[in-house]
Amino acid sequence: MTTAATHTASTLLDSRPEARTFSVQDLLDGVARGNVRIPSFPRGLKWDRVNAKLLLESLYRGYPVGTLLLWETAAPAGEGRIGSLTLPAPQMDNALWVVDGQQRIVSLARILLAADPDADGFALYFDLDTADFVIPPVTGKRRDDPSRWLPMTVVLDSEKLMQWLFDHAADPGRRQRRNTAIQLGRRIREYEIPAYIVRSNDQAILRDIFNRINSAGKSLDDSDVFDALNGSRFQSRPVTIPQISSELEKLDFGRVEERILHRLLRVLLGLPVVESACSEPPRLADTEAEQAYRLTAATASQIILFLKNDAGIPHYDLLPYKQAFVTLGRFFQFHPHPSPRSRELLARWIWRGALNGAHQGDTVSTRKVLARILPGSEERSVDGMLEMVKERPSVIPNVTDRFNFRFAASKLLALALLSLEPRNLLTGDRLTAGQLMRRVPSVHDSSPLPQIFSVSPGEKEEYLQSAANRLFHPPHQGGIRRLLTGITDSSLLLSHGISTAAQQRLVAGDSAAFLKLRAEWMRPRVQSFFDRHVRWDEPDRPSIASLIIDDEAG
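A brief report on the enclosed structure follows.

Rules used throughout
Residues numbered from 1 in each chain as written. Predicted model: local features only at pLDDT ≥ 70, side-chain atom pairs only at ≥ 80, totals over all residues. Heavy atoms only, no water. Buried < 20%, exposed > 50% of the residue type's maximum accessible area, 1.4 Å probe, protein only. Helix = DSSP H or I, 4+ residues; strand = E, 2+ residues; numbered from the N terminus. Contact = heavy atoms within 4.5 Å. Phe/Tyr/Trp six-rings, centres within 6.5 Å; stacked < 30°, edge-to-face > 60°. Lys NZ or Arg CZ within 6 Å of the ring centre and 35° of its normal. Axes fitted to C-alpha atoms, helices over the stretch in contact; angles between N-to-C directions. Parallel < 35°, antiparallel > 145°, perpendicular 65-115°, else oblique. Left-handed = near helix turned anticlockwise from the far one by under 90°. Nonpolar A, V, L, I, M, F, W, Y, C, P; charged D, E, K, R; others polar. 1 Å grid on protein atoms, 1.4 Å probe; cavity = no way out; pocket = protein on both sides within 12 Å on 5 of 7 lines; lining within 4 Å. Points joined across faces, edges and corners; volume = space filled by probe spheres on them. Pairing = 2+ DSSP bridges.

**Things to note about helix α12 (residues 323–334)**
Right, on to step 1. A large share of α12 lies buried, amounting to 10 of its 12 residues.
Right, on to step 2. In the core, the buried residues of α12 are packed alongside α10 (258–268), α11 (286–309), α13 (340–356), α14 (363–372) and α15 (378–387).

**Here's the deal with unusual backbone geometry**
Right, on to step 1. The backbone of Ala131 sits at a positive phi, close to 55 degrees, despite the residue not being glycine.
Right, on to step 2. With respect to the helices and strands, the residue Ala131 is situated in the loop between β8 (125–127) and β9 (132–134).
Right, on to step 3. Ala131 sits in the partly exposed class, given a relative accessible area of 35%.
Right, on to step 4. The backbone of Asp252 sits at a positive phi, close to 60 degrees, despite the residue not being glycine.

**Considerations on the packing of aromatic side chains**
Right, on to step 1. Tallying each qualifying case throughout the model produces 11 aromatic pairs.
Right, on to step 2. Here a set of aromatic residues connected by ring pairs shows up, and it is made of Tyr60, Phe126 and Phe133.
Right, on to step 3. Sitting over the ring of Phe405, Lys411 keeps its end group 4.0 Å from the ring centre.

**Overview of the packing of α13 against α15**
Right, on to step 1. Between α13 and α15, the least distance of the axes is 9 Å, while the angle of their chain directions is 20 degrees. Judged by the inter-axis angle, α13 sits roughly parallel to α15. Read as a crossing pair, α13 and α15 show a hand that is left-handed. Across the interface between the two elements, Ser342, Leu345, Leu346, Arg348, Trp349 and Arg352 of α13 pack against Glu378, Glu379, Val382, Met385 and Leu386 of α15.
Right, on to step 2. Tallied by class, the residues present in the contact of α13 with α15 amount to six nonpolar, one polar and four charged.

**Quick notes on empty space enclosed by the protein**
Right, on to step 1. Counting across every chain of the model gives three cavities of 30 Å³ or more.
Right, on to step 2. If you add up the space inside the largest cavity, you get close to 70 Å³.
Right, on to step 3. In terms of lining residues, the largest cavity is bounded by Gln323, Ala324, Thr327, Trp349, Ala358, His359, Gln360, Gly361, Ser365, Thr366 and Val369.
Right, on to step 4. For the lining of the largest cavity, the secondary structure elements donating two or more residues are α12 and α14.
Right, on to step 5. Considered class by class, the residues forming the lining of the largest cavity number four nonpolar, seven polar and no charged.
Right, on to step 6. What the second largest cavity holds in volume is close to 40 Å³.

**Side note on the sheet that holds strand β11 (residues 192–198)**
Right, on to step 1. Overall, mixed pairing links the five strands, which are arranged β2-β11-β4-β7-β3 in an open sheet. If you trace the sheet from one side to the other, it starts and ends with β2 (18–23) and β3 (36–37), each paired once.
Right, on to step 2. Where β3 meets strand β7 (residues 92–100), two bridges bridge the pair, whose relative direction is parallel. When the sheet's bridge partners are listed, Arg37 is paired in β7 with Trp97.
Right, on to step 3. Along the sheet face, helix α3 (residues 102–112) touches β4 (68–75), β7 and β11 and points at about 105 degrees away from the line of β7.

Interpretation in functional terms is not warranted from these geometric data alone.
Take a look at the structure:
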């Protein structure tokens, strides 16, 4: 393995970057033909439609939108995906990879190149009366006044735009709208975006360039930099950390954070779990990089299956402390086929560390746990890990505590609620973690567990803020409380921790009494749930087989 540490401030480019401009039309034509490539390594796509709308407004008004940094290098044949777009790309020796400017180009491609004006999540229309970019208007609005709403998918091609105007705004009374549409198309298509094109095979130089470019704003994540130096150089998947994260979603465990996968990759390479500020990221040979990405994907899959099947944690967002994911990677790297007894003890390690906070994941504690995992002995490794979580917590999460899904205690309570095997209040079918965790939280509530009694921002009643006022269920337009009042099946209610007596208080509208009764019913079951997983009072001896001494070995 080589690093970029040998590069100094005196390192020079063989030739200066080429400075040029690209019209939006030429730039997106390059994207469509595969000449301009949108890799996933510089930044994960963090923009939304609001950001994209602001970019379009800037282009229309003639405002500056920043400079692009492009890297000219070889590119394999493949198929790129950008939102709703699927773009075939041929093999070429001089493709332009977007190093800085990915958010801008992806947003423009999704808005202007989409085949369907409504299908993409970034879709925009232009209101020809107010000269404003808007989300797709409802069908009724478009049907009532079709010449007012211009889909942005026809703007990039002047012939398409003229055909749309002929079909929708040919009437002489629509002249002002036609003029506005033609002006919009010209201003967007002809807008010139400045760019620097770097031609160098020295990836350390490239990293230094875009680190300097980003030093005044949001710096690149460590995983972004690692992918920039090592990813997208071979044809087999995965070739980037975001690709690993996407492929792991097939295991129905949710999306594992890229920063955690990057830390896992570093641990598997034998590097410190977190890159220090003064160190350079590793620069791997092609075969080393390919093996590292494959190993990370395979190990992450193994960790996920262990968490789901052995530890009883069915979704990534329910994992109380994420650093445990990284630590397990070192264990499975050294011991890929642990015995059933070791898996059982590892599950205890997960739960004990979650309850007593040992898995909080600061760098020092993580290094200490990793040092306990030995390549030569599975049992000694497990024993060393358990030693790190032996302290019993003075208190455990209580259903009357304030619920905040961002914190580990609330995730633990959520797992206890999920252990009741909640059922759909409308159909009676058992709900799965995958179904429940796909709910998009609101702006004011980051939890996938809806409230029974709605709580307004700033609400001071503590009992309404507790876990007793939450349950696992898909949101319902009429409200969860209304659904609960109409249930006559006591077993269905109990799958959500609601006794018949508690339901009676719910029907009466007595929120305080309802939540008190629900908390009283839940409290011993939560304690029992945690006890089943941590097993503090049971011996942590290894398997009998590991204690047997082979006579012939001596």
